[in-house]
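Coordinate analysis (summary)
What follows is the residue order along each chain.
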Amino acid sequence: MSIIKDIISLINREVPIKILEKRGLKIGKNFSKQQGCFIDPTHCFLIEIGDNVTFSIRVTLLAHDASSKKLIDKAKFGKIIIHDNVFVGANVTILPNVEIGENAIIGAGSIVTKDVPANTIVAGNPAVKIGTVDEYQKKLVKLQNSQNCFGQEYTTRQKVTGEKKEELKKASQKYGICFIE
């Protein structure tokens, strides 16, 4: 299975994690990444990813920036440190010299140019604080009700039926946001 994942990574023009680790990338336990992620292969030794970190699709980590080469004939670089229990949304770019604190959430489409404190949610270009993880959790709890929460049988992993898809469509039309275990 590992060989198949490596082949898929190469087809998607991703450098396999095993190769990046040999080059110095540090990754903790339970790291999860979706397809299309790009972890700077030339400076991966400057990147540290903690335990229980999740990357959604097309996350980019750049530990170097060659734009300065044109101006001063030197590329710049800096460490990227992502602490434990961080969620990085789809299409996020994290630039050099950034540290992301524990339990942070990075919203989809963000460009992270500065440090993100622990337990903070940031989003935007450039990413700015939009709240705390505690505030977001309270908001999510309030949004849930018995009509907008669904079980695993409503996921593609469990081969969701056409009937269940229709239920999800109706619920999302009625409530806007719905939840699946």
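See the structure printed just above.
The structure displayed is predicted, hence computed values, not measured ones. (Residues numbered from 1 in each chain as written. Predicted model: local features only at pLDDT ≥ 70, side-chain atom pairs only at ≥ 80, totals over all residues. Heavy atoms only, no water.)

1. Quick look at the nonpolar core
Counting 27 residues, the largest nonpolar core has I49, F55, L61, I82, I94 and I100 as the members making the most contacts within it. Those elements that provide at least two residues to this core are β4 (47–49), β9 (80–82) and β12 (98–100). (Core = buried A, V, L, I, M, F, W, Y, C linked by side-chain atoms within 4.5 Å. Buried < 20%, exposed > 50% of the residue type's maximum accessible area, 1.4 Å probe, protein only. Helix = DSSP H or I, 4+ residues; strand = E, 2+ residues; numbered from the N terminus.)

2. Topic: the pairing of strand β16 (residues 127–132)
Looking at chain direction, strand β15 (residues 120–124) and β16 are connected through five bridges and run antiparallel. Opposite G124, over in β16, you have A127 as the bridge partner. (Pairing = 2+ DSSP bridges.)

3. Things to note about the sheet that holds β15
Reading across from one edge, β2-β5-β10-β13-β15-β16 is the order of the six strands in this open sheet, with mixed pairing throughout. Edge positions in the sheet fall to β2 (32–33) and β16, since each has one partner strand and no second. Across the sheet, helix α4 (residues 133–143) is in contact with β13 (105–106), β15 and β16; its angle to β16 comes to roughly 60°. (Contact = heavy atoms within 4.5 Å. Axes fitted to C-alpha atoms, helices over the stretch in contact; angles between N-to-C directions.)

4. Examining the pattern of salt bridges
Opposite charge on two side chains permits them to pair, given that their charged atoms come into close proximity. The tally for this structure, following the rule as stated, stands at four salt bridges. Notably, a salt bridge pairs K79 with E48, separated by 2.8 Å at the nearest N-O pair. Taken together, the residues K79 in the loop between β8 (76–77) and β9 and E48 in strand β4 connect sequence positions 31 residues apart. You can call K79 partly exposed: its relative accessible area is 37%. Across the salt bridge formed by E166 and K169, the nearest N and O atoms sit 3.3 Å from each other. In this pair, E166 and K169 are both assigned in helix α5 (residues 162–175), three residues apart and thus about one turn of the helix distant. Residue K169 is classed as exposed on the basis of its relative accessible area of 51%. (Salt bridge = Lys/Arg side-chain N within 4 Å of Asp/Glu carboxyl O.)

5. Describing the sheet that holds strand β11 (residues 93–94)
Judged by pairing direction, the sheet is parallel, and its four strands sit side by side in the order β3-β6-β11-β14 without closing on themselves. What marks the edges here is a single partner per strand, and that holds for β3 (38–39) and β14 (111–112). Two strands pair when backbone bridges link them, and β3 and strand β6 (residues 60–61) are joined in this way by two bridges, in the parallel orientation. Within the sheet, the bridge partner assigned to I39 lies in β6 and is L61.

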